[in-house]
Amino acid sequence: MKLTRVLVTGGQGYLGSVVDDLLSHNGFEVVSLDSGYVSDTQRELPHVTYERGDVLDPGAWQTLLAGADAVVHLAAIVGDPACGVDEDLAMATNYLGTIRVVEACRKFGVGRIVFASTCSNYGSTAGEQVDVWSPLNPQSVYAQTKVLAEHYLLSPRGGGPEPCILRFATLHGLSPRMRFDLAVNVMTANAIAEGHIAVHGGAQWRPFIHVRDAAMGVLKCLRKRPGSSAAVYNCGSNEENYLIRDLAELVRREVPGSVTDFLGEVDDPRNYRVDFSLIRQALSFTNSFRVVDGIREIRDAMRNGEYGDYLSPRYSNHLRALDLSGQGVS
């Protein structure tokens, strides 16, 4: 099945903007749908049209699915802190929004949906390596919404789109819609701007994936044969599991003169080390970038004068959510 027309929800986001670019340069006609909740920047890309719409209101955008071969569903309130600002809105957007996207796909005969989930679904695993068959143990509203959405997508029902679920490792690296509320990105920015890297605890495991590799995972799902393999993949690389203290040390080495501040308290209960073998075997997915590459490109961009305002709410889903809820600090 050759896919040519794809609707990308959340197409102006941190990952979505990179997905738009990758698909547009790989022969796809892309319709990029975004509510503008965290970003309202539209770029000029070949074969990409931009539309404004909220996934909770399919009546306003579902006709865009006419003739679409697939949907890449990225639209969500992303991250534990952002979801914590308004848990009801997070549940509605991330779970109910997914249901409405799937229903719209069914109505217009869309054959496939690629869904952005998260390795955060594994929660706390005491350092044991987990795979797609391991129990899920969500530790946050964000992960809970993703687990519920996965359950809906995987529930048997006739006539709906074939799901391909990607549980992404934590993203890093440069994007047209940049974020500095992600571990690698903010550690690097703080090392450059402040000379300090704050580490809470440090013995927690996390997997990481460059945003451009994550977009390539989406492309691999779009290109796979119908019903050809498992519906759920961990998207990342076994070599890119890091202890947080080792991640901080890597940043420190790449930003000479910076120091690491180890803080005893752990403000995040998540601790998971993930096996990514399945996506390599089933979809021939391999990462092209490592964490050090993300550190270096952010370091070099900031040294060249970019992102001097990296603490601005425009680069943080959490701060943006606070501003939109009226809770932001003026």
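Refer to the structure printed above.
Quick caveat, the model's predicted, so the values are computed rather than measured.

Student: Sorry, what's going on with the overall build of the chain here?
Tutor: Assigned secondary structure in the chain consists of ten helices and 14 strands. At 19 Å, the chain has a C-alpha radius of gyration in line with the 20 Å of a compact globule built from 330 residues. Its C-alpha atoms give the chain principal-axis dimensions of about 55 × 40 × 35 Å. Burial statistics for the chain: of 330 residues in total, 54% are counted as buried. Taking as baseline every contact in the chain between residues at least 6 positions apart, the subset at least 24 positions apart corresponds to 80%. Here the chain has roughly 13,700 Å² of accessible surface; of this, 48% comes from carbon and sulfur atoms. The positive charge centre, built from 31 side chains, and the negative charge centre, built from 38, are 6 Å apart in the chain.

Student: Which parts of the structure should I look at to understand the nonpolar core?
Tutor: Soluble globular proteins tend to pack their nonpolar side chains together in the buried interior. Membership of the largest hydrophobic core comes to 77 residues, with the highest contact counts inside it found for Leu15, Leu23, Leu166, Phe168, Leu171 and Leu222. If you tally residues by element for this core, the top one is helix H6 (residues 211-223), at seven residues. Beyond its immediate chain neighbours, meaning those up to four positions away, leucine 23 contacts Val6, Val8, Phe28, Val30, Leu219 and Leu222. Grouped together as the second largest cluster of nonpolar side chains are 16 residues, Val184, Met187, Val199 and Val292 included.

Student: Any chance you could explain the pattern of salt bridges here in plain terms?
Tutor: Opposite charge on two side chains makes pairing possible when the charged atoms of those side chains draw close. Following the criterion strictly, the structure yields 14 salt bridges and no others. Its salt-bridge partner being aspartate 181, residue arginine 179 comes within 2.7 Å of it at the nearest N-O pair. A residue is classified by how much of its surface remains accessible, and arginine 179, at 7% relative accessible area, is buried. Between arginine 299 and glutamate 254 there is a salt bridge; the shortest N-O distance is 3.1 Å. With arginine 299 in helix H9 (residues 291-303) and glutamate 254 in helix H7 (residues 244-254), this residue pair connects regions lying 45 residues apart in the sequence. Via salt bridges that share partners, Glu254, Arg296, Arg299 and Asp300 belong to a single interconnected network.

Student: How should I be thinking about the packing of helix H3 (residues 87-108) against helix H4 (residues 141-154) in this particular structure?
Tutor: Helix-helix packing is described using two parameters, namely the angle between the two axes and the distance between the axes. Taken N-terminus to C-terminus, the directions of H3 and H4 make an angle of 20 degrees; their axes are 9 Å apart at the nearest point. As judged from the angle between their axes, H3 and H4 are roughly parallel. Relative to H4, H3 is oriented so that their crossing is right-handed. Taking contact as the criterion, the partners of Glu87, Ala90, Met91, Asn94, Tyr95, Thr98, Ile99, Val102, Glu103 and Arg106 in H3 are, on H4, Val141, Tyr142, Thr145, Leu148, Ala149, Tyr152 and Leu153. For the contact of H3 with H4, the class distribution of residues is eleven nonpolar, three polar and three charged.

Student: What exactly am I supposed to notice about unusual backbone geometry here?
Tutor: Phi at serine 284 takes a positive value of approximately 55 degrees, unusual for a residue other than glycine. Even without glycine at this site, tyrosine 307 takes up a positive phi of about 60 degrees. Accessibility expressed as a relative area gives 15% for tyrosine 307, which makes it buried.

Student: So what exactly am I meant to see when it comes to the sheet that holds strand E12 (residues 241-243) here?
Tutor: In any sheet, the strands associate via hydrogen bonds between backbone groups, in a parallel or an antiparallel arrangement. Ordered by their spatial adjacency, three strands build an open sheet running E8-E10-E12, and the pairing between neighbours is mixed. On the outer flanks of this sheet lie strand E8 (170-172) and E12, each paired with one strand and no other. Mean inter-strand twist for the sheet, computed between neighbouring axes without regard to direction, equals 45 degrees. For E8 and strand E10 (residues 205-210), the ladder comprises three bridges, and the chain directions are parallel. Note that in E10 the partner of leucine 171 across the bridge is isoleucine 209. Strand contacts of H6: E8 and E10, with the helix running at about 75 degrees to E10, the strand carrying the most contacts.

Student: Hey, could you run me through the sheet that holds strand E4 (residues 70-73) in this one?
Tutor: Spatial strand order, E3-E2-E1-E4-E5-E7-E11: seven strands in an open sheet with parallel pairing. Looking along the sheet, the strands with just one partner apiece sit at the ends: strand E3 (48-52) and strand E11 (232-235). Taking each pair of neighbouring strands and ignoring which way they run, the sheet shows an average axis angle of 20 degrees. Pairing geometry for strand E5 (residues 112-118) and strand E7 (residues 162-168), over seven bridges, is parallel. Bridge assignment links threonine 118 to a residue of E7, and that residue is phenylalanine 168.

About the thresholds
- Per chain, residues are indexed from 1 in the order of the written sequence.
- Selection of residues for local features in this predicted model requires a pLDDT of at least 70, selection of side-chain atom pairs for listing and counting requires 80 or more, and totals for whole chains, interfaces and linings are taken over all residues.
- Side-chain measures here rest on the full set of heavy atoms in the structure, leaving out hydrogens and waters.
- Comment: elements are numbered from the N terminus, with helices defined as DSSP H or I runs of at least four residues and strands as E runs of at least two.
- Based on C-alpha atoms, the radius of gyration is set beside the globule rule, defined as 2.2 Å times the residue count to the power 0.38.
- Burial status follows relative accessibility: with a 1.4 Å probe on protein chains alone, a residue under 20% of its type maximum counts as buried, one over 50% as exposed, and anything between as partly exposed.
- Only heavy atoms enter the contact rule, under which two residues are in contact if any of them lie within 4.5 Å.
- In these tables, accessible area is a Shrake-Rupley quantity obtained with a 1.4 Å probe, and a residue counts as shielded only by the protein chains included in the view.
- His residues and chain termini do not enter the charge count, which takes Lys and Arg as positive and Asp and Glu as negative.
- Here the site of a charge means NZ on Lys, CZ on Arg, CG on Asp, or CD on Glu.
- Here the nonpolar core consists of buried residues drawn from Ala, Val, Leu, Ile, Met, Phe, Trp, Tyr and Cys, with membership extended through side-chain atoms lying within 4.5 Å.
- Each salt bridge in this description consists of a side-chain nitrogen of Lys or Arg and a carboxyl oxygen of Asp or Glu lying within 4 Å of one another.
- Throughout, an axis means a line fitted to C-alpha atoms (over the contacting stretch in the case of helices), and angles, computed between N-to-C directions, take values from 0 to 180 degrees.
- In what follows, roughly perpendicular refers to angles from 65 to 115 degrees, roughly parallel to angles under 35, roughly antiparallel to angles over 145, and oblique to any angle outside these ranges.
- What makes a crossing left-handed is the near helix being turned counterclockwise from the far one by less than a right angle; a clockwise turn instead makes it right-handed.
- In this count, Pro and Cys sit with the nonpolar residues alongside Ala, Val, Leu, Ile, Met, Phe, Trp and Tyr, while Asp, Glu, Lys and Arg are called charged and the others, Gly among them, polar.
- We treat two strands as partners when DSSP finds at least two bridges between them.

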